[in-house]
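Chain by chain, the residues run as shown.
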Amino acid sequence: MYNNTNTSTSQLDLTSISGNNVYYLTNNDQVKVVEHKEMSVLEAGHLLSIELKRQKIRSELEGLFLFKTKNNELDFLASHQDLRQLLPSIGDFFKKQFVEEMSFCLELMDEESNWQTLFINIGVSSSVNWQEANELVDSFFDNMFDLYPRVAEKLNIDFVANAI
Amino acid sequence: MAKTKKYSNPPLTEAVFELFFESSNWSPAIPGIFYNKVQKRYPIISQSPGGFGISFGPKGLQLGSGNNDLTQFKSTDGTSIIQLSNNLLTVNKLPEYEGWESYKLMILKALDVLKEVLDVKKVNRIGLKAINKIEINKATYENFKEFFTVYPVLPEGSNTSSIHLNYETPVNFDSVLAISLATLNKEKEYEAPTLFQLYFTKIKNAKIQEIEDWIEIAHGHLNKAFEVSLTDKCKKSFNNVQ
């Protein structure tokens, strides 16, 4: 077993499989340096593995969002890349609108057969101004349907009182 | 077939078989024809929106926008999946994993259907991957060393809590065994998970007729690497029953 910065090889052409690193290929008395610009075999696996895709989405979003279930929300986001890309900005947007502490939990709901919606459940304290909160959500969706209608139709937002 | 240990609570979270190929008769109708042949076991069909181009050329694995939309065929419970594009077939199994023989059969059946619907001219690469998630109880360097026999050597007193290791070992001049260990943040059902990936891939001289033999060899390599990379304490947590 070799560390990837000291890979031992003789005739194997590792240039075709290694990652964005400089590799020192040693063959007893030979040392050569090979630069790699392509994706490594393990990095490429993220695109082909369900579990690694889940892991990647989880690590992108876990600083801001909690997930209601182990995999349902992650699998939904894996097949809705547009929504996944916008989620951090959406979370940041709502965070900046309130002085109060908030929590964000993603929950996938089956609205009817073949129609799923991702809810962002925003947990707030009871001191939040509900009228302001509802107006903010209405205005947010007005803008979303103008700018990103395909994302807006897959999304809903709910405020959960006394969650903080 | 090599005898392998069986665990009552194995850490495997996904097994993935990959076949990168070139064919002469791909057309947009192929996923539909493929679906007709597998829909009994894989009734849920979907296409990855936007798609991505993943190719295997002279410069190795590369990503691009491409036109290689990936079609997914899923079992009703979503745990058995085939993915197909114009140059790629994968067979994925999520838990419950029913053992190697059952998974091998899944792969071979998918390959049979591929050969029925496509004229595979060339195999560029084949790979078999096992993705495991292992609970190490606490994200510390000391705990990592208690669960894995491979670990980085760090200065005494290091307060390291996050580790990422990749190893790639050439095998028989045409294959590579790659191992990756990465600590993860706490998540549902795991206090301190570590992702342990084992990947065996043949990058030269692969032939579609030899895949059945090859996957058995690949499984042997992955199994051996699994057994030697984990400590007895780690393996005890999987409840060895055989």
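If you're wondering where the values come from, they're calculated on a predicted model, not measured in any experiment. (Residues numbered from 1 in each chain as written. Chains lettered and ligands numbered in written order. Predicted model: local features only at pLDDT ≥ 70, side-chain atom pairs only at ≥ 80, totals over all residues.)

Engineer: How would you summarise the overall build of chain B if you had to cite specific residues and measurements?
Structural biologist: Counting secondary structure elements, chain B contains 5 helices and 11 strands. Sorting the 242 residues of chain B into buried and exposed places 36% on the buried side. (Helix = DSSP H or I, 4+ residues; strand = E, 2+ residues; numbered from the N terminus. Buried ≥ 20, exposed ≤ 12 C-beta atoms within 10 Å, placed from the backbone.)

Engineer: I'd love a proper account of the environment of Asn223(B), names of residues and values included.
Structural biologist: Residue and element names in this part refer to chain B. Within the element layout of this structure, Asn223 appears in helix H4 (residues 211-229). Here Asn223 falls in the partly exposed class, since 17 other C-beta atoms lie within 10 Å of it. Residues Asn223 and Pro152, spaced 71 residues apart in sequence, show a C-alpha to C-alpha distance of 22 Å.

Engineer: For the pairing of strand S4 (residues 103-112) of chain A, give the residues involved together with the corresponding values.
Structural biologist: All names here are of chain A. In this sheet, S4 lies alongside strand S3 (residues 65-67) in parallel orientation, the contact comprising 3 bridges. Bridge pairing links Phe67 to Leu106 in S4. One ladder, built from 9 bridges, connects S4 with strand S5 (residues 115-123); its direction is antiparallel. The partner of Cys105 across the bridge, within S5, is Asn121. (Pairing = 2+ DSSP bridges.)

Engineer: Describe the sheet that holds S4(A), with residues and values.
Structural biologist: Residue and element names in this part refer to chain A. Reading across from one edge, S3-S4-S5-S6 is the order of the 4 strands in this open sheet, with mixed pairing throughout. The sheet is open, and its two edges are formed by S3 and strand S6 (155-160), each paired on a single side. Sheet twist, expressed as the mean angle between neighbouring strand axes with direction ignored, is 35°. (Axes fitted to C-alpha atoms, helices over the stretch in contact; angles between N-to-C directions.)

Engineer: Talk me through unusual backbone geometry; I want residue IDs and the actual numbers.
Structural biologist: Residues and elements named next belong to chain B. Cis geometry is adopted by the peptide bond preceding Glu96, which originates at Pro95 and carries an omega value of 5°. Residue placement: Glu96 occurs in the loop between strand S7 (88-93) and helix H2 (100-117). A positive phi is found at Asn137, a non-glycine position, where the angle reads about 70°. Along the polypeptide, Asn137 turns up in the loop between strand S8 (120-135) and helix H3 (141-147). Positive phi values are uncommon outside glycine, yet Glu189 reaches one of about 75°. By secondary structure assignment, the location of Glu189 is in the loop between strand S10 (175-183) and strand S11 (193-202).

Engineer: I'd like to hear about the nonpolar core, residue by residue, with values.
Structural biologist: Membership of the largest hydrophobic core comes to 52 residues, with the highest contact counts inside it found for Leu19(B), Ile82(B), Ile107(B), Ala110(B), Ala130(B), Leu198(B) and Leu222(B). Beyond its immediate stretch of four places on either side in the chain, Ala110(B) contacts Ile82(B), Leu89(B) and Val91(B). Listed in part, the 9 residues of the second largest apolar core include Ile57(A), Leu61(A), Leu87(A) and Leu106(A). (Core = buried A, V, L, I, M, F, W, Y, C linked by C-beta atoms within 7 Å. Contact = placed C-beta atoms within 7 Å.)

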